[in-house]
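Residue strings, one per chain:
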Amino acid sequence: CFTLDRFPTGFRVWFARVGEALVPVGYSAWHPIDAATWRRFETHDPPWRDRALVSLTRAHEGDYLYLFNYSVLAAWRQGTWIDRGVWALLRGLAEDVARVSPRGMVAITVSDDGSRVARRFGLERRGEITVGESREEIWMTP
């Protein structure tokens, strides 16, 4: 909620039509980060202990971006129609970030699916962090 409140422009909720109803099935999100946060990702100094980042409140051409989320609920991932929905979500996210012409992008992934998507966005694996019991990966543009 904190990030959504600071930078609502970067959030999209994705819906599927089920009969007459629209049901939320996922969301995509990104937000701008400052150069100091970017450098911290590059240098790992100080090391990351969680993925809580403070977003900037405005995006400008050339800003650094944090790909905050790109996911669809697991129950909706089966079947070909949701495959099209996932691709629509990723296309929408790519279009959103392309409008800013970012200087660089970073993501922290928590799953193999997330890592595959980060790779599709041109990010490279740069390291790991441990959050609680979870090992997560840091991905950045070259």
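Remember, predicted model here, so these are calculated numbers, not experimental data. Position labels on residues start from 1 in each chain and follow its written sequence. The model is predicted, so local features are restricted to residues of pLDDT at least 70 and side-chain atom pairs to those at 80 or more, both for listing and for counting; the totals for chains, interfaces and linings are taken over all residues. Where side-chain values are given, they derive from all heavy atoms of the structure, hydrogens and water being excluded.

Trainee: Please provide a residue-by-residue account of the sheet that holds strand β6 (residues 134-140), values included.
Mentor: Only strands that DSSP links by at least two bridges are regarded as paired with each other. In DSSP terms, a helix is any run of H or I states spanning at least four residues, a strand is any run of E spanning at least two, and both are numbered starting from the N terminus. Spatially, the 6 strands line up as an open sheet ordered β1-β2-β3-β4-β6-β5, and their pairing is mixed. At either end of the open sheet lies a strand with only one pairing partner, and these are β1 (11-18) and β5 (124-131). Each neighbouring strand pair of the sheet contributes to a mean axis angle of 25°, computed without reference to strand direction. Across 8 bridges, β1 lies against strand β2 (residues 21-33) in antiparallel orientation. Residue pairing across strands places Phe11 opposite Ala29, the latter belonging to β2. Against the sheet, helix α4 (residues 112-120) contacts β3 (64-72), β4 (104-109) and β6, and its axis sits at roughly 5° relative to β6. Axis definition: a line fit to C-alpha positions, over the contact stretch in the case of helices; interaxial angles, taken between N-to-C directions, run 0 to 180 degrees. The contact criterion used throughout is that any non-hydrogen atoms of two residues lie within 4.5 Å.

Trainee: Give a detailed account of the nonpolar core, specifying residues and quantitative values.
Mentor: Among the nonpolar cores identified, the biggest contains 21 residues, and Trp30, Leu67, Tyr70, Val97, Met105, Phe121 and Leu123 are the most heavily contacted of them. Contributing elements (two or more residues each) for this core: β1, β2, β3, α3 (80-98), β4 and α4. In this structure, Val97 is in contact with Trp30, Leu65, Leu67, Pro102, Met105 and Phe121, ignoring residues within four places of it in sequence. Put simply, a nonpolar core is a bunch of buried Ala, Val, Leu, Ile, Met, Phe, Trp, Tyr and Cys residues held in one set by side-chain atoms that sit within 4.5 Å of each other. Accessibility here uses a 1.4 Å probe with only protein chains present; expressed as a share of the type maximum, an area under 20% marks a residue as buried, one over 50% as exposed, and anything in between as partly exposed. One finds Trp48, Leu53, Ile129 and Ile138 within the second-largest nonpolar core, a separate group that totals 12 residues.

Trainee: Before we move on, can you summarise the pattern of salt bridges with the specific residues and values?
Mentor: Salt bridges are counted wherever a side-chain nitrogen of Lys or Arg sits within 4 Å of a carboxyl oxygen of Asp or Glu. In the structure shown here, the tally under the stated rule is 6 salt bridges. Here Asp113 ties to Arg116 by a salt bridge, and the two come within 2.2 Å at their closest N and O atoms. Placement of the pair is Asp113 and Arg116 together in helix α4, with a separation of 3 residues, close to one helical turn. By relative accessible area, Asp113 is classed as partly exposed at 37%. Ionic contacts of the salt-bridge type, sharing partners, join the residues Arg125, Glu128, Arg135 and Glu137 into one network.

Trainee: Explain the packing of aromatic side chains to me, using residue names and the numbers behind them.
Mentor: Two aromatic rings, drawn from Phe, Tyr or Trp (for Trp, its six-membered ring), form a pair once their centres lie within 6.5 Å of each other, and the interplanar angle then sorts them: stacked below 30 degrees, edge-to-face above 60, tilted otherwise. Counted under the stated rule, the structure contains 7 aromatic pairs. Relative to Tyr64, the ring of Trp38 has its centre 4.7 Å away and its plane inclined at 15°; by these criteria the two rings are stacked. Taken together, the residues span a long stretch of sequence, with Trp38 in helix α2 (residues 35-43) and Tyr64 in strand β3 at a distance of 26 residues. Taking the relative accessible area as the measure of exposure, Tyr64 reaches 13% and is therefore buried. Summarising the aromatic geometry, the rings of Phe41 and Tyr66 are spaced 6.4 Å apart at their centres and angled 20° between planes, so their arrangement reads as stacked. Placement of Phe41 in helix α2 and of Tyr66 in strand β3 is noted, with a sequence separation of 25 residues between them.

Trainee: Tell me about a nonpolar patch on the surface, and please be specific about residues and values.
Mentor: Together, Val13, Phe15, Leu22 and Tyr27 line one region of the surface with nonpolar side chains, adding up to about 390 Å² of accessible area. Taken together, the elements giving at least two residues each to the nonpolar patch come down to β1 and β2. Of note, Phe15 is situated in strand β1. Distance thresholds for patches are 9 Å for like charges and 5 Å for nonpolar side chains (Val, Leu, Ile, Met, Phe, Trp, Tyr), applied to residues having over 30% relative accessible area and no salt bridge. Working definition of accessibility: Shrake-Rupley area with a 1.4 Å probe, residue cover restricted to the visible protein chains.

Trainee: Now, about unusual backbone geometry: what can you tell me, with residues and values included?
Mentor: Excluding glycine, most residues fall at negative phi; most peptide bonds, likewise, are trans. The omega angle of the peptide bond from Asp45 to Pro46 is -5°, so this bond is cis rather than trans. Positive phi is not limited to glycine here, since His44 has a value of about 60°. As for its position among the elements, His44 is in the loop between α2 and β3. Using a relative accessible area of 31% as the deciding quantity, one classes His44 as partly exposed.

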